[in-house]
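# Structural description and commentary
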Amino acid sequence: MVTVRSIVAVSAVKHWPIFQRDVHNAFLQSDLLKEVYLEVSAGFASQRGKHVICKLHKFLYDDLLITESNTDLILQTKNDLKLKFKMKDLGVLEFFLGIEFARSEKGIVMSQSKYALELISDLGLSGTKPFSTPLETNLKLTSTEYDAFLNDVKRESPKSEYMPLTNPTQYQRLVEKLLYLTMTRINIAYVVQVLSQFMHNPKQSHRDAALRVVKYIKQAPGLALLMPSDGSRKLKAYCDSDWGGCLQNRRSVTRYLVKFGNVVVSWKSKKQETVARSFAEAEFKSMASVVA
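Note that the coordinates shown come from a computational prediction; the quantities given were computed from them, not determined experimentally. (Residues numbered from 1 in each chain as written. Predicted model: local features only at pLDDT ≥ 70, side-chain atom pairs only at ≥ 80, totals over all residues. Heavy atoms only, no water.)

### Comments concerning the overall build of the protein
Within the protein, the regular secondary structure consists of eight helices and 10 strands. Looking at the 292 residues of the protein, the share that counts as buried comes to 35%. Taking as baseline every contact in the protein between residues at least 6 positions apart, the subset at least 24 positions apart corresponds to 73%. Carbon and sulfur atoms provide 54% of the accessible area of the protein, an area that totals close to 18,300 Å². (Helix = DSSP H or I, 4+ residues; strand = E, 2+ residues; numbered from the N terminus. Buried < 20%, exposed > 50% of the residue type's maximum accessible area, 1.4 Å probe, protein only. Contact = heavy atoms within 4.5 Å. Areas by Shrake-Rupley, 256 points an atom, 1.4 Å probe, with all protein chains shown as cover.)

### A short note on unusual backbone geometry
One non-glycine residue, His15, lies in positive phi territory at about 60°. Following the sequence through the fold, His15 ends up in the loop between α1 (2–14) and β1 (18–39). Phi is positive for Leu97, close to 55°, though the residue is something other than glycine. With respect to the helices and strands, Leu97 occurs in the loop between β4 (95–96) and β5 (99–104).

### A closer look at the packing of helix α5 (residues 168–181) against helix α7 (residues 204–218)
Packing of α5 against α7 brings their axes to within 10 Å, and their N-to-C directions diverge by 35°. Two packed elements cross with a definite hand, and for α5 against α7 that hand is left-handed. Listed contacts from α7 to Tyr171, Leu174, Leu178 and Leu181 of α5 are His206, Arg207, Ala210, Leu211, Val213, Val214 and Ile217. For the contact of α5 with α7, the per-class residue count stands at nine nonpolar, one polar and one charged. (Axes fitted to C-alpha atoms, helices over the stretch in contact; angles between N-to-C directions. Left-handed = near helix turned anticlockwise from the far one by under 90°. Nonpolar A, V, L, I, M, F, W, Y, C, P; charged D, E, K, R; others polar.)

### Here's the deal with the sheet that holds β5
Pairing within the open sheet is antiparallel, and its four strands lie in the order β4-β5-β6-β7. Strand pairing shows two members of the sheet lacking a second neighbour, β4 and β7 (224–228), which therefore form its edges. (Pairing = 2+ DSSP bridges.)

### Digging into the side chain of Ser229
Mapped onto the secondary structure, Ser229 falls in the loop between β7 and β8 (235–242). Engagement of the side chain of Ser229 in a polar contact is seen with the backbone oxygen of Glu105, the distance being 2.7 Å. The contact partners of Ser229, leaving out residues within four places of it in the chain, are Ala12, Val13, His15, Glu105, Lys106 and Gly107. (Polar contact = N/O pair within 3.5 Å; in protein donor to acceptor, adjacent residues only side chain to side chain.)

### Looking at helix α3 (residues 113–122)
Burial in α3 covers these residues: Ser113, Ala116, Leu119 and Ile120. Buried residues of α3, seen end-on, are gathered within an arc of 125° and therefore sit on one face of the element. For α3, the exposed residues set more than 90 degrees away from the buried face come down to Lys114 and Asp122. The inward-facing, buried residues of α3 contact β5, β6 (107–111), α5 and α7. Backbone geometry just downstream of α3 places Gly124 in the positive-phi region, at approximately 70°. (Arc of directions from axis to C-beta.)

### Quick word on the sheet that holds β8
Spatially, β8-β9-β10 is the arrangement adopted by the three strands of the open sheet, whose pairing is antiparallel. In this open sheet, the two edge strands, each paired with only one partner strand, are β8 and β10 (263–271). Direction aside, neighbouring strands of the sheet carry axes that sit 10° apart on average. Where helix α8 (residues 279–291) meets the sheet, its contacts fall on β8 and β9 (253–260), and the angle it forms with β8 comes to roughly 145°.

Given below as structure tokens:
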């Protein structure tokens, strides 16, 4: 998604038109950053038996964006693609990967308001009071394994909010939807990163925290990302670290954002791979991540 935001940001500043094409036969593109498996298509004969799955090595795309300052080159590109692929011209960019795009004199707006409102409605939170912050102040979420260790040390019985959920699927789907919303909402990136660490064995406190994020989104469901048509064309990066921020393994958390002119095109919050022995080491690791 960083590529899409960057292309839209450059097009907005340079006042380039953006056109969208739909590929009837999806083609493979871009390396995956995590393991994804698919069921074998019906009728596919395998020598290894029936219980076989496929590992996806590339992202699967069926949409294409075209932008350029020269309209003749755009037309030539469309014709060249049409000769090699069966494609449909969708005209000027308006809806891509579930994101709405609207252009004006001020720039290009990327919005997921429709998806946010549907999420609030599906969870039955339309009538609830919204929160002003996505995460409770000074709240430290922990895993069930960490809680079990503390209970053994203190010889206490686990509290109800520390018990694992009987149906973790609902929590997992909710976090996946929140991850999707981070494509245009930098304000929930940190808390969603924290919640995604407990996908394998969530507990009630994790679910409560996830629902709080939805109630926070309810405060401004129409919040969008503006790619301004004016401003500088310089690329700037900012980074920070939370030294020993993870309560369970004392690993530091790297946070960074990258701006093109006045708009943020990339952001991330992630635990560092190893434990930093000092605040300075954590900061250097954070800087290394943002320029990698």
